[in-house]
Amino acid sequence: MNYTCTLNPSIDYIMHVDGFEAGDLNRATQTAYFAGGKGINVSRLLKRLDVDTTALGYIGGFTGAFIRETLESAGIAHQFIEINEPTRVNVKLKSGTETEINGPGPSITTEQLALLFEQIRSLGKHDALVAAGNAPGSVPADIYARMADICEENGTRFIADTSSAALRDLIGKRMFLVKPNHHELGELFDTTISSIEEIVSYARKLHETGIDNVIVSMGGEGAVFVNKDHAWKAQTPKGTVKNSVGAGDSMVAGFLAAYEKSGDYEQAFTYAVAAGSATAFSDDLGDRQYIEKLVSQVNLTSI
Ligand SMILES: Nc1ncnc2c1ncn2[C@@H]1O[C@H](COP(=O)(O)OP(=O)(O)O)[C@@H](O)[C@H]1O
Ligand SMILES: O=P(O)(O)OC[C@H]1O[C@](O)(COP(=O)(O)O)[C@@H](O)[C@@H]1O
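The structure presented is a predicted model; accordingly, all values stated were derived computationally and were not measured.

### Focus on the nonpolar core
1) Next: Leu116, Leu129, Met147 and Phe158 are the most contacted members of the largest nonpolar core, which totals 44 residues.
2) Next: Per-element tally for this core: the top contributor is helix H4 (residues 143–154), with six residues.
3) Next: Beyond its immediate chain neighbours, meaning those up to four positions away, leucine 129 contacts Tyr3, Thr4, Cys5, Leu56, Ile120, Leu123, Met147, Cys151, Thr156, Arg157, Phe158 and Ile159.
4) Next: Membership of the second largest hydrophobic core comes to 38 residues, among which are Val252, Ala274, Ala275 and Ala278.

### Some points on the UniProt feature "domain: Carbohydrate kinase PfkB" (unreviewed entry) in the protein chain
1) Next: UniProt marks residues 8–280 with the feature "domain: Carbohydrate kinase PfkB" (unreviewed entry), using the numbering shown here.
2) Next: The span residues 8–280 shows a helical share of 39% and a strand share of 26%, and its end C-alpha atoms are spaced 22 Å apart.

### A few points about the side chain of glutamine 112
1) Next: Topologically, glutamine 112 is positioned in helix H3 (residues 110–121).
2) Next: A relative accessible area of 12% places glutamine 112 in the buried class.
3) Next: Residues contacting glutamine 112, with those up to four places away along its chain left out, are Tyr58, Ile81, Glu82, Ile83 and Ser107.

### Focus on the site of ligand 2
1) Next: Every one of the 18 residues lining ligand 2 counts as a neighbour, but Asp12, Lys38, Asn134, Gly246 and Asp249 are closest to it.
2) Next: A distance of 2.9 Å is found between an oxygen atom of ligand 2 and a side-chain nitrogen or oxygen belonging to asparagine 90.
3) Next: Glycine 248 has a polar backbone atom sitting 3.1 Å from an oxygen atom of ligand 2.
4) Next: Protein chains shield 85% of the accessible area of ligand 2, which is 480 Å² for the free molecule.
5) Next: The set of elements that each furnish at least two residues to the shell around ligand 2 consists of strand S2 (10–16), helix H1 (38–48), strand S7 (88–95) and helix H8 (247–262).

### Considering the domain arrangement of the protein chain
1) Next: As assigned here, the protein chain comprises domain 1 (1–163) and domain 2 (179–303).
2) Next: For domain 1 and domain 2, the distance between their C-alpha centroids amounts to 20 Å.
3) Next: Each partner contributes residues to the interface: domain 1 has 27 residues there, and domain 2 has 28 residues.
4) Next: Summing both partners gives a buried area of about 2,100 Å² for domain 1 against domain 2, and 56% of it is carried by carbon and sulfur.
5) Next: Contact with domain 2 buries surface across domain 1, with Leu45, Arg48 and Leu49 losing the most and accounting together for 29% of the total.
6) Next: There are three salt bridges connecting domain 1 and domain 2.
7) Next: Here arginine 48 makes a salt bridge to aspartate 284, at a shortest N to O gap of 3.1 Å.
8) Next: Breaking the side of domain 1 that touches domain 2 down by element, the ones donating at least two residues are S2, H1, S7, strand S8 (97–101) and strand S10 (157–161).
9) Next: At seven residues, the largest contribution of residues to the side of domain 1 that touches domain 2 is made by H1.

### Things to note about the pattern of salt bridges
1) Next: Taken as a whole and judged by the stated rule, the model has 13 salt bridges.
2) Next: Ionic pairing is found between arginine 44 and aspartate 284, a salt bridge with its closest N-O pair at 2.8 Å. With arginine 44 in helix H1 and aspartate 284 in the loop between helix H9 (265–280) and helix H10 (288–295), this residue pair connects regions lying 240 residues apart in the sequence. Accessibility assignment for this pair places arginine 44 and aspartate 284 in one class, buried.
3) Next: Residue glutamate 98 is joined to lysine 94 by a salt bridge in which the shortest nitrogen-to-oxygen separation is 2.8 Å.
4) Next: For glutamate 98, a relative accessible area of 35% translates into the label partly exposed.
5) Next: For lysine 94, a relative accessible area of 8% puts it in the buried group.
6) Next: Salt bridges linked by common partners bring Arg44, Arg48 and Asp284 together as one network.

### As for the packing of aromatic side chains
1) Next: All told, the structure shown has eleven aromatic pairs when counted by the stated rule.
2) Next: On the basis of an interplanar angle of 25° and a centroid distance of 5.0 Å, the ring pair of tyrosine 13 and tyrosine 33 is categorised as stacked. One end of the pair, tyrosine 13, is in strand S2; the other, tyrosine 33, is in strand S3 (residues 30–36), and 20 residues separate them in sequence.
3) Next: On the accessibility criterion, tyrosine 33 (53% relative accessible area) is exposed.
4) Next: Of the aromatic side chains, those joined through ring pairs into one cluster are Phe176, Phe225, Trp232, Phe255, Tyr259, Tyr265 and Phe269.
5) Next: Residue placement shows arginine 146 over the ring face of phenylalanine 117; its charged tip is 4.7 Å from the ring centre.
6) Next: Taking NZ or CZ as reference, arginine 157 lies 4.1 Å from the ring centre of phenylalanine 176, over its face.

### Looking at the sheet that holds S3
1) Next: Within the open sheet, the four strands sit side by side as S3-S2-S7-S8. Their pairing is mixed. Pairing within the sheet leaves two strands with one partner each, and these edge strands are S3 and S8. Strand-to-strand twist across the sheet, computed as the mean angle between neighbouring axes with direction ignored, equals 20°.
2) Next: Examined bridge by bridge, S2 and S7 share seven bridges and lie parallel to one another. The partner of histidine 16 across the bridge, within S7, is lysine 94.
3) Next: In the packing of helix H2 (residues 61–73) onto the sheet, contacts are made with S2, S3 and S7, and the angle to S3 comes to roughly 75°.

Conventions used here
Residues numbered from 1 in each chain as written. Chains lettered and ligands numbered in written order. Predicted model: local features only at pLDDT ≥ 70, side-chain atom pairs only at ≥ 80, totals over all residues. Heavy atoms only, no water. Core = buried A, V, L, I, M, F, W, Y, C linked by side-chain atoms within 4.5 Å. Buried < 20%, exposed > 50% of the residue type's maximum accessible area, 1.4 Å probe, protein only. Helix = DSSP H or I, 4+ residues; strand = E, 2+ residues; numbered from the N terminus. Contact = heavy atoms within 4.5 Å. UniProt positions renumbered as here; feature names shortened; annotations may be inferred. Near = heavy atom within 4 Å. Polar contact = N/O pair within 3.5 Å; in protein donor to acceptor, adjacent residues only side chain to side chain. Areas by Shrake-Rupley, 256 points an atom, 1.4 Å probe, with all protein chains shown as cover. Domains from an automatic or database assignment. Buried area = accessible area lost by both parts, 1.4 Å probe. Salt bridge = Lys/Arg side-chain N within 4 Å of Asp/Glu carboxyl O. Phe/Tyr/Trp six-rings, centres within 6.5 Å; stacked < 30°, edge-to-face > 60°. Lys NZ or Arg CZ within 6 Å of the ring centre and 35° of its normal. Pairing = 2+ DSSP bridges. Axes fitted to C-alpha atoms, helices over the stretch in contact; angles between N-to-C directions.

See below:
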């Protein structure tokens, strides 16, 4: 079974505002709510690709209830741990450019933390765990590193999609996949990355620390893939961006779904890029039909 873990889920509140002016009264022309947070997005997209997951993590209050109901109505299994404080709301402001304001999230107690670790310890060698997103301030900074150690002991495949700070703590851990964007990759190595050659070189460094597959995403500029046998750059399909929130999570889900079906890295990376773009060109996450239509427009070149 594939598990996703979202320590800090969110309701993503999308607001379209024409000509946004800071410090003024602005009125939105269109709004939407989505159940979000990186692991939850991975579960939601995998379901659209007919891959079952169980979503783990913390939810609370009326916002947490919305997330639970959204997953249940989509037929996604979950074993959320209920907490007292409400799940956060992240504001995504669309006004020509995309501005995001993500909440800090609720506090997690020591008991609630122990419950999550019990769940993770019960995973075995036929399972995979996608640990994704920002950790609330109340949890220990090395939480993902501890999860990675448990997964290594139990032979569970571990995938991380986190900020550069959390990824730094994971360096040296055995992982199947990581997907930083190029800004996060630069932060990880305390540098500013300005060329494809630098991206490939730092992605290789990351791979050499014990990560089987490294995808570095670059928004509309495409993505780079590095593993022991391959290094590719992908061009993205062309389209009109509607809402790129969840594009990175869609890449992770697309890669896992296609790799699970084909065992082939070229197909998995191509599908990952198509999934990211399908989401960027949709109001919500991309759907299967759209992703498959975009696959033929993704070009890989060996680098
Ligand atoms: N403007 C865009 N045009 C086409 N594809 C996009 C665009 N933005 C994102 N994508 C797709 O989604 C992937 C992930 O996007 P990115 O913004 O790099 O991730 P993250 O949200 O994690 O920062 C990209 O590699 C690309 O395939
Ligand atoms: O946990 P973080 O880093 O605050 O990010 C949470 C946000 O990331 C998202 O999962 C989207 O992530 P991506 O755009 O990187 O795919 C949103 O649903 C959510 O609001």
